[in-house]
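Summary of structural features
Here is how the chains run, residue by residue.
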Amino acid sequence: MSGSGLWQQLFSRQHKNKKPVQAPLPEQIDAIRQRAERGHHLDQVLWGKVLLNSAYVPPDHAQALVWFTMAANAGYGPAHNMLGRCHHFGWGCKKDLQQAAQHYETAASLGDEWGRYNLGILTMRGLGIPRDMKKALGLFTTAAHNGHAKSMNLLARFLEEGWETPQDKEAALVWYRKSAEGGDYRGCHNYATALADAGRVEDALHWWRQALPDATSDILLAMDRALTSLGKAADPTLHAALQERLKALPPQAQSASGIA
């Protein structure tokens, strides 16, 4: 679809579906919207993300897809990554993992590390494209060396397990640390686990504290197993905070944690 066609689609839909504005947008969010309308590609992606999920406007995945497509048509890598996400999860379009992989690959070719990482995930798991662990390792390695924290964690996993590369647990520990320092909660957990195994319990507890706020259910459950083995006395405050997070999980996950 041409850029002019996208604008026509966007604004015709806006006029057809006008709804009362519940509250004025915060100044910084409205500034993003205005810059997006003026054609700034970064802001088109940011505004699309606001439309996907935010407290500022009702979600509109179809409109988010339009904004991502505008920026992608201009060759903006992060927009291709977000189009990949839309096709990956069915946001505003039919779920299509092959289309997702194509957009991730385009994003990666344009230097977007999130696109490189997401392509690596599909490649590692064989989702929409053939499984190719060697290619996945190459993608994670490049993104890790370019500073992408989640890719650092996966590079560490490949090194730890010896997947498509000689096993090197010392190098894996270095990359887990870099991932943790970069703010990835999985990297924090994996680094903490390695530290605990080495007897550095206080250091491990520090990194589990860093992982806790953003950790997903699988990491919370793994943390629970690790802290249980250490004993509640190791850090009662962390243990209590973890139990609160676990209680908020769906019943099946609570059962797996043993707190149901």
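A brief look at the structure comes next.

1. Here we look at helix α4 (residues 61-73)
With 13 residues, α4 should reach 18 Å at 1.5 Å per residue; the first-to-last C-alpha distance of 18 Å fits that figure. Among the 13 residues of α4, 10 are classified as buried, and the element is accordingly described as predominantly covered. Looking at α4, one finds that the buried residues are Q63, A64, L65, V66, W67, F68, T69, M70, A71 and A72.

2. Brief notes about the packing of aromatic side chains
This model, assessed by the stated rule, comprises 6 aromatic pairs. Their ring planes at 90° and their centres at 5.7 Å tell us that W114 and Y117 sit as a pair that is edge-to-face. With W114 and Y117 both in helix α7 (residues 113-125) and 3 residues apart, this pair spans about one turn of that helix. Put simply, the rings of W114, Y117, F140, F158 and W163 pair up and form one aromatic cluster. The ring of W175 carries the charged tip of K178 above its face, separated from the ring centre by 4.4 Å.

3. Some thoughts on the side chain of R116
Tracing the chain through its elements places R116 in helix α7. A polar contact is formed between the side chain of R116 and the side chain of E113, at a distance of 2.8 Å. Residue contacts for R116: discarding those within four places in its chain leaves A108, G111, L139, T142, A143 and N146.

4. Here's the deal with the layout of surface pockets
Looking at the largest pocket, its volume works out to about 1,000 Å³. As for the largest pocket, its lining consists of 40 residues, and the residues nearest its centre are Y117, K150, N153, L154 and R186. At the level of elements, α3 (41-52), α5 (77-89), α7, α9 (149-161), α10 (169-181) and α11 (185-197) are the ones that each hand at least two residues to the lining of the largest pocket. A per-element tally of the lining of the largest pocket places α11 first, with 7 residues. Broken down by class, the residue content of the lining of the largest pocket amounts to 22 nonpolar, 7 polar and 11 charged.

About the cut-offs
- Residue positions are given per chain, counting from 1 as you read along its sequence in written order.
- Selection of residues for local features in this predicted model requires a pLDDT of at least 70, selection of side-chain atom pairs for listing and counting requires 80 or more, and totals for whole chains, interfaces and linings are taken over all residues.
- Calculation of side-chain values draws on the structure's entire complement of heavy atoms; hydrogens and water are dropped beforehand.
- Think of it this way: any DSSP run of H or I at least four residues long counts as a helix, any run of E at least two long counts as a strand, and we number them from the N terminus.
- To estimate the expected span of a helix, count its residues, drop one, and scale the result by 1.5 Å.
- Partly exposed residues are those whose accessible area sits between 20% and 50% of the maximum for their type, while under 20% is buried and over 50% is exposed, using a 1.4 Å probe and protein chains only.
- Here is the rule: rings of Phe, Tyr and Trp (six-membered ring for Trp) pair when centre to centre is within 6.5 Å. Planes less than 30 degrees apart are stacked, more than 60 are edge-to-face, and the remainder are tilted.
- Ring-over charges, as used throughout, are those where CZ of Arg or NZ of Lys falls within 6 Å of the ring centre and within 35 degrees of the ring normal.
- The term polar contact refers here to a pair of N or O atoms within 3.5 Å; inside protein, the definition further demands a hydrogen-donor-capable atom paired with an acceptor-capable atom, and it admits residues adjacent in sequence only when both atoms are side-chain atoms.
- Contact definition: two residues touch when any of their heavy atoms are within 4.5 Å.
- Any residue with an atom within 4 Å of a point lines the site, the site being either a cavity, points on a 1 Å grid over the protein atoms alone where a 1.4 Å probe fits but cannot get out, or a pocket, an open set with protein on both sides within 12 Å along at least 5 of 7 lines.
- Grid points are joined across faces, edges and corners, and a volume is the space filled by probe spheres set on the points.
- Any residue outside Ala, Val, Leu, Ile, Met, Phe, Trp, Tyr, Cys, Pro, Asp, Glu, Lys and Arg is labelled polar, Gly included; the first ten of those are nonpolar and the last four are charged.

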